[in-house]
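Residue strings, one per chain:
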Amino acid sequence: MPKQRRPRRLSRRDFVRLSATSAAALALGQHPLGTAFAAKPGPPTRYPLFIPPTVSHLGLNLNPAPAVADLGGGRLSNVWAYNGTFPGPTILSQSGDSVVIDLQNGLMDETTIHWHGMMVPHLADGHPLQAVSPGGGYSYQFEIQQRACLNWYHPHPHMLTGEQVALGAAGVFIVRDAQEASLGLPSGAYEVPLIIRDAKLNSSGNIVYVAQGGGYLGSVGLVNGTRDAKLDVDTAIYRFRVLNGANARIFGLALGNGAPFTLIGNDGGLLPAAVQVAQVDIAPSERVDLLVDLRQAQVGNRIMLRDLRAGWNLLELVVTQQVAPSGTLPTTLFPITPLTAGPTTRNFSFDGMSRINGQVFDMNRVDFQVPFGQVERWRFTTNGNAPHPVHVHGASFQVQSRVGGRGALFPWETGWKDTVLLEDGETVEVLIRFDHHLGLYLLHCHKLEHEDMGMMANFEVV
């Protein structure tokens, strides 16, 4: 086991300095993504996509600790991983289950586990106040009180989240329910979780964390921890459960053959109806549920999942087996009752790289209180240094409007969300209701470097 490096706590001055250094490099033409566009002698060798093991929550212990991961083809990297796998194991539960998951901290710094997208009591939310010291433990206990959806888990200690996630501590949490099961969606080998992220590698091929105020942007893309990934597929309909697990990068997902995705869900589960989309832009911590129809493909076809923003080829689908056609693409899914705005509107300005409404996060300060069970209108506005993927703990919301900037809502922003992308010049309004638990929760930018610098606010549901 390689010796673990203790994270260095960066001050906000460090972040500003590093951002200035990055800006100078850009001015000199040293584009940090240059390697993504450089000419190459030929297509890279592609390696089998790693599929994290699926586990039940029953009797589950999660142990974040140093590990070594194969990024593909025997290219090893030091990582920080849950239970030795990068990404961590996929947790599978049913709506209504009572969950007890124990954390044992094998890192050399404090950590927590935040159950991103899960409606959990505040003592199980992984708040920085609940940070677990090295060698310590914590028991997370909650009942799953939500519809079927794709969530994820990751650390949330103050000023250390960016490093711990970038070095590998993350995994997905799938919730099932009877309603979703009745649709007969692709399952088994035809349902594949895809955690898409980027990474910086040093000269030894190890993932490294270099903090920048503008966000950690890597030079290579990873899918389930695999670089230059491929997946052997049948002539069938596939369900790809996609998470943007990057610290700061937005991905523009599209199929290289121009075929559309069938979008059926996002952060909070299934949409009311399926939508055909040619491209999906997905910000850090957002999730999308995509069907890809390969029933008309031929053995030997190769279809690339691409990131149009960086020009990366993320995952090659290689058709290796003809199977009898089965299944259909759904149209109508399940209705979602629209929220109706109450009398309260709250305004939140995301200022620079470290403030909300002019304030830097103080974990011991409660910034506002929200009444339980009442629908409120929350208005998010940028005040520089976007993008800001805005995430709310403790509730899902419904996005109502976007003015300025892109000036529109997108199909993957309908239904229930817990994260919405705020670009420069934009104001986004959402309707939100906290009707699960009382207690202390967080509102923050999910660009993790902004979060670590203080772009976060405590609020209390009362």
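Every chain's residues receive numbers from 1 upward, in the order its sequence appears when written. Local features in this predicted model are restricted to residues of pLDDT 70 or higher, and side-chain atom pairs are both shown and tallied only at a pLDDT of 80 or more, whereas totals for entire chains, interfaces and linings draw on every residue. Based on all heavy atoms of the structure, the side-chain values leave hydrogens and waters out of the count.

1. A short note on the sheet that holds strand S15 (residues 229-234)
By definition, the strands of a sheet pair up through backbone hydrogen bonds, in either a parallel or an antiparallel sense. Any two strands are treated as partners once DSSP identifies two or more bridges connecting them. The helix count covers DSSP runs of H or I at least four residues long, the strand count covers runs of E at least two residues long, and both are numbered beginning at the N terminus. As summarised here, the arrangement of the six strands in space is S1-S15-S23-S22-S17-S20, forming an open sheet in which the pairing is mixed. A strand with exactly one partner marks an edge of an open sheet, and here the two such strands are strand S1 (47-48) and strand S20 (280-282). As judged from the six bridges shared by strand S22 (residues 302-307) and strand S23 (residues 312-321), these two strands associate in the antiparallel manner. The partner of arginine 302 across the bridge, within S23, is valine 318.

2. Examining the sheet that holds strand S28 (residues 388-392)
One open sheet holds the five strands; their spatial order is S26-S33-S32-S28-S30, and the pairing between them is mixed. The open sheet has two edge strands with one neighbour each: strand S26 (368-370) and strand S30 (419-422). Strand-to-strand twist across the sheet, computed as the mean angle between neighbouring axes with direction ignored, equals 25°. Here strand S32 (residues 439-445) runs beside strand S33 (residues 456-461); their pairing, made up of six bridges, is antiparallel. Pairing of tyrosine 441 across the sheet is with phenylalanine 459, part of S33. Note on method: axes are straight lines fitted to C-alpha atoms, helices fitted across the in-contact stretch only, with angles between N-to-C directions ranging 0 to 180 degrees.

3. Things to note about the pattern of salt bridges
Side chains bearing opposite charge may pair, as long as their charged atoms lie close to each other. Should a side-chain nitrogen of Lys or Arg be within 4 Å of a carboxyl oxygen of Asp or Glu, the pair is scored as a salt bridge. Under the counting rule described, the total for this entry stands at 24 salt bridges. Salt-bridge contacts for arginine 241 lead to aspartate 289; the nearest nitrogen and oxygen are separated by 3.4 Å. Here arginine 241 is found in strand S16 (residues 237-244), whereas its partner aspartate 289 is found in strand S21 (residues 287-293), with 48 residues between them in sequence. Of the two residues, arginine 241 and aspartate 289, both sit in the buried class. As a salt-bridge pair, arginine 287 and aspartate 418 come within 2.7 Å of each other at their nearest N and O atoms. Placement of the pair is arginine 287 in strand S21 and aspartate 418 in the loop between strand S29 (397-403) and S30, with a sequence separation of 131 residues. Per-residue accessibility, obtained with a 1.4 Å probe over protein chains only, is compared with the maximum for each type, and a residue is labelled buried under 20%, exposed over 50%, and partly exposed between these values.

4. Observations regarding the nonpolar core
Core analysis: the largest hydrophobic core is formed by 36 residues, its most contacted members being Leu194, Ile196, Phe240, Val242, Leu253 and Phe261. Ranked by residues supplied to this core, first place goes to S23 with five residues. Here a residue-residue contact requires only that any non-hydrogen atoms of the pair lie within 4.5 Å. In contact with valine 242, other than residues within four places in its own chain, are Leu150, Leu194, Ile196, Leu253, Ile282, Glu286, Arg287, Val288 and Leu290. Among buried residues, those of type Ala, Val, Leu, Ile, Met, Phe, Trp, Tyr and Cys that are joined through side-chain atoms within 4.5 Å constitute a nonpolar core. Membership of the second largest hydrophobic core comes to 25 residues, among which are Ile356, Val428, Leu443 and Val461.

5. Describing the packing of aromatic side chains
Stacked, tilted and edge-to-face are the three classes applied to pairs of Phe, Tyr and Trp rings, where Trp contributes its six-membered ring and a pair requires centres within 6.5 Å; stacked means planes under 30 degrees apart, edge-to-face means over 60, and tilted covers the rest. Enumeration according to the criterion identifies 20 aromatic pairs in this entry. When the centroid spacing of 5.8 Å and the interplanar angle of 40° are considered together, the rings of tryptophan 115 and tyrosine 153 count as tilted. Note that tryptophan 115 is positioned in strand S8 (residues 114-116) and tyrosine 153 in strand S10 (residues 149-154), a separation of 38 residues in sequence. Accessibility assignment for this pair places tryptophan 115 and tyrosine 153 in one class, buried.

6. Comments concerning the environment of threonine 112
Looking at where threonine 112 falls in the secondary structure, it is placed in the loop between strand S7 (98-104) and S8. Setting aside its immediate chain neighbours within four residues, threonine 112 contacts Tyr82, Leu103, Gly126, His127, Gln130, Ala131, Val132, Tyr140, His154, Pro155, His156 and Pro157. At 3.0 Å, the side chain of threonine 112 and the backbone nitrogen of histidine 156 are in polar contact. Polar contact is the term for a pair of N or O atoms within 3.5 Å; when the atoms are in protein, one must be able to donate a hydrogen and the other to accept it, and sequence-neighboring residues count only if both atoms are side-chain atoms.

7. Remarks on the pairing of strand S24 (residues 345-351)
Bridge analysis of S24 against strand S27 (residues 375-383) gives seven bridges, and the strand direction is parallel. What sits directly across from arginine 346, in S27, is tryptophan 378. With two bridges connecting them, S24 and strand S25 (residues 355-356) associate as antiparallel partners. Note that in S25 the partner of phenylalanine 350 across the bridge is isoleucine 356. Where S24 hands over to S25, the hairpin turn is made up of three residues, of which glycine 352 adopts a positive phi near 60°.

8. Considering unusual backbone geometry
With an omega of -5°, the peptide bond between phenylalanine 86 and proline 87 qualifies as cis. By the secondary structure assignment, proline 87 is in the loop between strand S5 (76-82) and strand S6 (90-94). Along the chain, alanine 386 connects to proline 387 via a cis peptide bond; the corresponding omega equals 10°. Its place among the elements puts proline 387 in the loop between S27 and S28. Of note in this structure, methionine 159 is not a glycine but carries a positive phi near 70°. Along the chain, methionine 159 turns up in the loop between S10 and helix H3 (161-166). Taking relative accessible area as the criterion, methionine 159 reaches 25% and is therefore assigned partly exposed. Although it is not a glycine, asparagine 385 sits at a positive phi angle of roughly 60°. Relative to the helices and strands, asparagine 385 is located in the loop between S27 and S28.

9. Concerning the pairing of S10
The buried fraction of S10 amounts to six of the six residues, a majority that puts the element mostly inside the structure. With burial as the criterion, each face of S10 is covered, one bearing Cys149, Asn151 and Tyr153 and the other bearing Leu150, Trp152 and His154. As paired strands, S8 and S10 are joined by three bridges and run antiparallel to one another. Residue pairing in the sheet places tryptophan 115 in a bridge with tyrosine 153 of S10. With five bridges joining them, S10 and strand S11 (residues 171-176) adopt antiparallel strand pairing. Within S11, the residue paired with asparagine 151 across the bridge is phenylalanine 173.

10. A look at the confidence of the model for the protein
One confidence number per residue, pLDDT, is output by the predictor and ranges from 0 to 100. Averaged over every residue, the pLDDT of the protein is 92; residues scoring 70 or more account for 91%. Note that pLDDT drops below 50 for residues 1-40; the model gives that stretch 63 contacts with residues more than four away or on any other chain.

11. Observations regarding the side chain of histidine 127
Topologically, histidine 127 is positioned in the loop between S8 and strand S9 (137-143). Within the local environment of histidine 127, its side chain forms a polar contact with the backbone nitrogen of leucine 129, the two atoms lying 2.9 Å apart. Ignoring sequence-local partners within four residues, the contact set of histidine 127 consists of Thr112, His156, Phe361, Met363, Leu440, Leu442 and Asn458.

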